[in-house]
Amino acid sequence: MLTKLKGQHGGQFTSKMEGMLTDMALAKENQKGFEGYVNGKPGGIDLAVTILNTGFWPSYKTSTDLNLPREMVECVDAFNSYYGSKTTKRKLSWTYSLGTCHVIGRFDHKPIELVLFTYQAVVLCLFNNTERLTYQEIIEQLNLSHEDLVRVLHSLSCSKYKILNKEPASKSISTTDVFELNTMFTDKMRRIKVPLPPVDDRKKVVEDVDKDRSYAIDACIVRIMKSRKVLLHQQLVSECVEQLRRMFKPDVKMIKKRIEELISREYLERDTKNPNTFKYGLITDAKDSPPSLLLSSQKMYRETIIDFEQGCKCLEAGVSELKRILEEETTSETLIDPKQYLELYTTIYNMCIQKHPHDYSQRLYNKYRDIVEHYAKKTVLPSIQQKHDEYLLRELSRRWGHYKVFVKWLSHFFNYLERFFISQRNQPPLLEVAMKSFRDRVYLEVQVSAKDVVIALIHKEREGEQIDRELLKNVLDVFVQSGMGTIERYKEDLEMFLLEETESYYARKASSWIQECSCPEYMIKSEESLKKEKERVTHYLHSSTESKLVEIVQDILLVSVEKHLLEKEHSGCSALLRDDKIDDLSRMYMLYHPIPKGLEPVADAFRVHVTREGNALIKQAQDAAANGSFVEAQLLVGKIIDLHEKYMVYVMGCFKNHAFFHKALKEAFEVFCNKKVGGSYGPELLANFCDSLFKKSGNDKLSDEAMEATIDNVIKLLDYISDKDIFAEFYRKKLARRLLFDHHKVNKEHETSMITKLKRQQGGQYTSKMEGMVTDMQLAKEFQKGFKGSLTKKPGGIDLAVTVLTTIHWPSYKKSTDLNLPREMVQCVEAFNSYYQSITTARKLSWIYSLGTCHVIGSFDPKPIELVLSTYQAVVLCLFNDTERLTCQEIIEQLNLSHEDLVRVLISLSCAKYRILNKEPASKSIATTDVFEFNSKFTDTMRRIKVSIPPPSMEEREKVVEDVDRDRRYAIDACIVRIMKSRKVLPHQQLVAQCAEQLSRMFKPDIKMIKKRIEDLMARDYLERDAEDHHIFKYVA
């Protein structure tokens, strides 16, 4: 590509691109040399550096001021050292915005390798040392631009991977946001790349091109004029356009503008006679040359020697004048007369530059110390010691202000001493000398009294009185400045005592408030106390005190009474939840969230309350079931869903979606969602609820939005069910009945939505059979269409519809191959068998008559009635076409039907709502000696009736449990073999534990069953015990 561009546009067009490729080739050699240069990994990091030549590459933002973590700084220093040893002619500028880092994130669920940009990495490294940071704190610590930091924080807290939690949880970044590391973050991948929103650099590209075009036009004009010397304006513009259009279409206005610029820079000039003619260069006469400027300076040094005593008299006069002005409280910035100031400065200057032995620099330095010490001891200290209480602080503040002004002007006088003598002799700076004098002569004498008054004033403010905050701010500045660059004096002389007083004060308040106030009132007072303590730091305390003050207030007002507060009888956490006190619950979260482990008791109280509510619903349904009413059991799941929605609102709103409360809600629902109600456990109740729900949706009783919301809630509840495989089996049986018997009412979109969401939560294996059932029903329509097309007439005179089911997808049904059908039905079966064999010979049909339905016309004396029957009912009634009376035993013999199935059929035809057969004797039970005859007198108001058949006994539920137990044995076997195949050798306890852990996602495995399956696998030679240690198993390949 570059070669062809170069061939078409020339070497200059591609020179930078070629340089970029060369840089990348050289980068490998540099990296190899660097790795050989360093001993080990600098900062424990694998470092790779690519050196780019500035002239070749686009201009990038260099980040020399970025504050890197210590490990990265070591890497940068190491490479700088290597590169400095290699060449001294080039200077490195680090472009961190282009760097990438591979960082291991230690999250609670598992460690994840994060592929980050350097900016993202340095932000995340800040959270190694602290849990929470504000936006402002991050920008101050990193010295990163606002634009770049917003992009970085957006990528880490608002995009796909939320590695940081942000408060408030919005999609935009503001300077007031607070961030903390999301320790609950996880992902299915072990390595993820966190993208950074790109910067829109189109505007910069246009600016760079415009700048390059300006240079190109200038060069073109100079090149033309240098060869032509004189040229008309139009010719110059035309030739310039002609030469430049090979690269770009030049703007004529820009060319004219550049001509004027070159004229101003004296590259061109207009002809004096014809302004439209330009000349190259400018010839000037000597008389036109600008005059040279001679700068003169007045010497401050004078030949006469200034004696030290003489100079000191002048200095003392100036100091006395300064003291007088300060005592008069002059507010003007210029305290000293300029002439006097110049005289003092010049005197000190001359005394310092005189030759030895008249160089008085050291003596003047000592003189400065004497002056400030004398002022502090004789003027400042006595005036402060005369005052007491608040007046002492006012005088201290006033004298501190005077002292700072006094030292400032002395520093001006002794400026030459500061600049030269002190730096050369490595003496303490003048300001340090002055501050040390104040500390030793004044501060140490009055700090105890000042501290007592300060603490007393703060106590007054806590009690609601107004105080002078500006005064306290000035006084506390004395404590801070007396630390000589540190805040140790402030900490030891004031902060320590203030914190003790704070702890004592709030301990008294806590013991009083907890007895007098309700939980909401107590929290309001605590919130107000925290707010006021933070305000004190803002107005006058040192910023380092805030965290300590807040911690004390939190410990005393919140942590120490947390249990008592949450369990208050009529206003505790449970009462707030019961009464929907959203504001109070939000306040509780905001108060305890910043406290380490502060939310755990709140979450536990939340869990206990939700568990209590759920157990109450379960108890209500159990009591109703015990009294013979199963209505409550049918409504139970709906009530649990409503309960879940209610408390999820609290979790998402009041508790800010915090992981503790999600966990508490999950643990609470797991307790009561798995309890037994009326003989049915949670999985069966949930499956029954789904069956009822989808039957309603087929009748269009629910809108699509309401239906989807309910399905979502069912999926959430399923997460709390421990035996998810039992739910799947019950749900599959209910789905089968809906698809087979209510297919005309089934809403396919809702059924598919449910299966899709189950698949997303539990995996493809969980829903594979359900998906197969739905697919079978779709294929059945095609089979039916093909079957009808293959018929020339109706077999047996019957309209036949057949649904072909794949055995492995559907529940196991009783096959009825030995049932003796009527001749017409036999013809139908043979016709479909013939058609199916013509389509495929790879599959075998087994007819399940127990699932069939028949529409039969009953010719009764009053009127004919269409009967909707099961196949079993139909074949029984067809027997009475040829005879009037039959015994139960005769029916069994003629049809070859099981006694159990026939009893259910005869009850539905002779003892139920529609008595199509008369029975002798007329009882409610069926015996083998009973005699039946066709009831020709039967009639009904409807022209079509559906004769229901009694459902099977409780054996169906038992069969589901048996099927699930069988599947669990297979699952446990597969799990054990899978573990042992990867581990080869494993102790018994570890094998059982790993197996239980892997299976717990689907069901709660029984440890005894796992041990039993291990023994069975050993018997089948999949495993064997270790010869030396019988508690260790080996995998047998």
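Definitions and cut-offs
Residues numbered from 1 in each chain as written. Predicted model: local features only at pLDDT ≥ 70, side-chain atom pairs only at ≥ 80, totals over all residues. Heavy atoms only, no water. Helix = DSSP H or I, 4+ residues; strand = E, 2+ residues; numbered from the N terminus. Contact = heavy atoms within 4.5 Å. Areas by Shrake-Rupley, 256 points an atom, 1.4 Å probe, with all protein chains shown as cover. Lys, Arg positive; Asp, Glu negative; His and termini not counted. Charge placed at Lys NZ, Arg CZ, Asp CG, Glu CD. Buried < 20%, exposed > 50% of the residue type's maximum accessible area, 1.4 Å probe, protein only. Pairing = 2+ DSSP bridges. Axes fitted to C-alpha atoms, helices over the stretch in contact; angles between N-to-C directions. Patch = residues over 30% accessible without salt bridge, like charges linked within 9 Å, V, L, I, M, F, W, Y side chains within 5 Å. Salt bridge = Lys/Arg side-chain N within 4 Å of Asp/Glu carboxyl O. Phe/Tyr/Trp six-rings, centres within 6.5 Å; stacked < 30°, edge-to-face > 60°. Parallel < 35°, antiparallel > 145°, perpendicular 65-115°, else oblique. Left-handed = near helix turned anticlockwise from the far one by under 90°. Nonpolar A, V, L, I, M, F, W, Y, C, P; charged D, E, K, R; others polar. Expected span 1.5 Å × (residues − 1). Arc of directions from axis to C-beta. Core = buried A, V, L, I, M, F, W, Y, C linked by side-chain atoms within 4.5 Å. Polar contact = N/O pair within 3.5 Å; in protein donor to acceptor, adjacent residues only side chain to side chain.

Undergrad: Any chance you could explain the overall build of the protein here in plain terms?
TA: Within the protein, the secondary structure is distributed over 37 helices and 18 strands. Overall, the C-alpha framework of the protein stretches about 155 × 95 × 75 Å when taken along its three principal axes. By sequence separation, contacts in the protein at least 24 residues apart represent 67% of the contacts at least 6 residues apart. Counting every atom, the protein has about 58700 Å² of accessible surface; 51% of that belongs to carbon and sulfur. Distance between charge centroids for the protein: 5 Å, based on 154 positive and 147 negative side chains.

Undergrad: Just to check I follow, could you spell out the pairing of strand 2 (residues 111-117) for this structure?
TA: The side chains of a regular strand alternate between the sheet's two faces. Summarising burial for strand 2: five of the seven residues are buried, a large majority. Pairing between strand 1 (residues 100-106) and strand 2: seven bridges, direction antiparallel. Of the residues in strand 2, the one forming a bridge with isoleucine 104 is glutamate 113. Turn length for the strand 1-strand 2 hairpin, with the two strands adjacent in sequence and antiparallel, is four residues. Judged from the three bridges that link them, strand 2 and strand 6 (residues 191-193) form a sheet pairing that is parallel. By the bridge assignment, valine 115 is partnered in strand 6 with lysine 193.

Undergrad: What am I meant to see in the sheet that holds strand 10 (residues 853-859) here?
TA: Hydrogen bonding along the main chain pairs the strands of a sheet, whether they run parallel or antiparallel. The mixed open sheet is built from three strands, whose spatial order is 10-11-15. The open sheet has two free edges, formed respectively by strand 10 and strand 15 (944-946), since each of these has just one partner strand. Taking the axes of each pair of neighbouring strands and ignoring which way they run, one obtains an average angle of 25° across the sheet. Alignment of strand 10 against strand 11 (residues 864-870), held across seven bridges, turns out to be antiparallel. Counted as the bridge partner of serine 859 is proline 864 from strand 11. Here helix 32 (residues 871-878) sits on the sheet and contacts strand 10 and strand 11; the angle it forms with strand 11, its principal contact strand, is near 130°.

Undergrad: Sorry if this is basic, but what is going on with a negative patch on the surface here?
TA: Taken together, the side chains of Glu500, Glu503, Glu551 and Asp555 make up a negatively charged region of the molecular surface. Those elements giving two or more residues to the negative patch turn out to be helix 17 (488-516) and helix 19 (545-559). Note that aspartate 555 resides in helix 19. For aspartate 555, a relative accessible area of 34% corresponds to the partly exposed category.

Undergrad: Mind showing me how you'd approach the sheet that holds strand 9 (residues 277-280) here?
TA: Strand order in the open sheet made by the three strands is 7-9-8, with antiparallel pairing throughout. Strands with a single pairing partner mark the edges of an open sheet, and in this sheet they are strand 7 (230-232) and strand 8 (268-270). Each neighbouring strand pair of the sheet contributes to a mean axis angle of 30°, computed without reference to strand direction. Two strands pair when backbone bridges link them, and strand 8 and strand 9 are joined in this way by three bridges, in the antiparallel orientation.

Undergrad: It is not clear to me how the packing of aromatic side chains should be interpreted in this structure. Could you clarify?
TA: To describe a pair of aromatic rings, one takes the distance between the centres and the angle between the planes. Scanning the model with the defined rule gives 45 aromatic pairs in all. Measuring from ring centre to ring centre gives 5.1 Å for phenylalanine 107 and phenylalanine 185, while their planes differ by 65°; the resulting arrangement is edge-to-face. Taken together, the positions of phenylalanine 107 in the loop between strand 1 and strand 2 and phenylalanine 185 in the loop between strand 5 (178-181) and strand 6 put the pair 78 residues apart, joining distant regions of the chain. For phenylalanine 107, a relative accessible area of 9% corresponds to the buried category. Taking the relative accessible area as the measure of exposure, phenylalanine 185 reaches 7% and is therefore buried.

Undergrad: Sorry if this is basic, but what is going on with the pattern of salt bridges here?
TA: Between side chains of opposite charge, a pair can form when the charged atoms approach closely. The full count for this structure, using the stated rule, is 63 salt bridges. The salt bridge partner of arginine 151 is aspartate 148, with a shortest N-O separation of 3.2 Å. Of this pair, arginine 151 and aspartate 148 are both found in helix 6 (residues 146-157), three residues apart, which corresponds to roughly one turn of the helix. Judged by its relative accessible area of 16%, arginine 151 is buried.

Undergrad: How should the packing of helix 18 (residues 519-539) against helix 22 (residues 582-592) be read in this particular structure?
TA: Helices that pack against each other are described as a pair by the angle of their axes relative to one another and the distance between those axes. Axis separation between helix 18 and helix 22 bottoms out at 10 Å; the angle between their running directions is 45°. Between helix 18 and helix 22, the angle is such that the two are oblique. Handedness of the crossing formed by helix 18 with helix 22: left-handed. On helix 22, the residues touching Cys519, Pro520, Met523, Ile524, Glu527 and Leu530 of helix 18 are Asp584, Arg587, Met588 and Leu591. When grouped by side-chain class, the residues that make up the contact of helix 18 with helix 22 number seven nonpolar, no polar and three charged.

Undergrad: Teacher, can you tell me more about helix 9 (residues 252-264) here?
TA: Each α-helix turn comprises 3.6 residues. Residues three or four places apart therefore point the same way. The first and last C-alpha atoms of helix 9 sit 19 Å apart over 13 residues, in line with the 18 Å expected at 1.5 Å per residue. Along helix 9, the positions that sit buried rather than exposed are Ile255, Arg258, Ile259 and Leu262. What you see down the axis of helix 9 is that its buried residues fit within an arc of 105°, all on one side. In helix 9, the exposed positions angled more than 90 degrees off the buried face are occupied by Lys253, Lys257 and Ser264. Residues of helix 9 that are buried sit in contact with helix 7 (202-228), helix 8 (233-244), strand 8 and strand 9. Count one or two residues on from helix 9 and you reach glutamate 266, which has phi positive near 65°.

Undergrad: Quick question: what am I supposed to make of the packing of helix 27 (residues 704-718) against helix 29 (residues 748-762) here?
TA: Close contact between helix 27 and helix 29 brings their axes to 10 Å; oriented N to C, the two are set at 30°. In terms of orientation, helix 27 lies roughly parallel with respect to helix 29. Helix 29 is crossed by helix 27, and the crossing has right-handed handedness. Counting all contacts with helix 27, which are made through Asp704, Met707, Glu708, Ile711, Asp712, Val714, Ile715 and Leu718, the residues of helix 29 involved are His750, Ser753, Met754, Lys757, Leu758, Gln761 and Gln762.

Undergrad: Which parts of the structure should I look at to understand the environment of histidine 743?
TA: Tracing the backbone through its elements, the reader meets histidine 743 in the loop between helix 28 (724-741) and helix 29. Considering only alpha carbons, one finds histidine 743 and methionine 777, 34 residues apart in sequence, at a separation of 8.8 Å. When residues no more than four places from it in sequence are discounted, the contact partners of histidine 743 are Arg738 and Met777.

Undergrad: Whenever I open this one, the nonpolar core confuses me. Can you help?
TA: One broad rule of soluble globular proteins: the nonpolar side chains tend to lie buried together. Of all hydrophobic cores here, the largest spans 166 residues; its most connected members are Leu393, Tyr403, Phe414, Phe606, Phe669, Phe727 and Met754. If one sorts the elements of this core by residue count, helix 15 (residues 430-462) sits on top with 14 residues. Leave out the neighbours within four places in its chain, and phenylalanine 727 touches Pro683, Leu686, Ala687, Cys690, Leu718, Met754, Leu758 and Tyr766. Formed by 48 residues, the second largest nonpolar core is a distinct cluster that contains Ala78, Tyr96, Ile112 and Leu144.

Undergrad: Looking at this structure, I do not really get the side chain of glutamate 729. What am I missing?
TA: Relative to the helices and strands, glutamate 729 is located in helix 28. Residue classification places glutamate 729 among the buried residues on the basis of a relative accessible area of 7%. Of note is the side chain of glutamate 729, whose polar atom sits 2.9 Å from the side chain of arginine 732. With sequence-adjacent residues up to four places away left out, glutamate 729 is seen in contact with Val960, Asp963, Val964 and Asp967.

The values are spatial; any link to function lies outside them.
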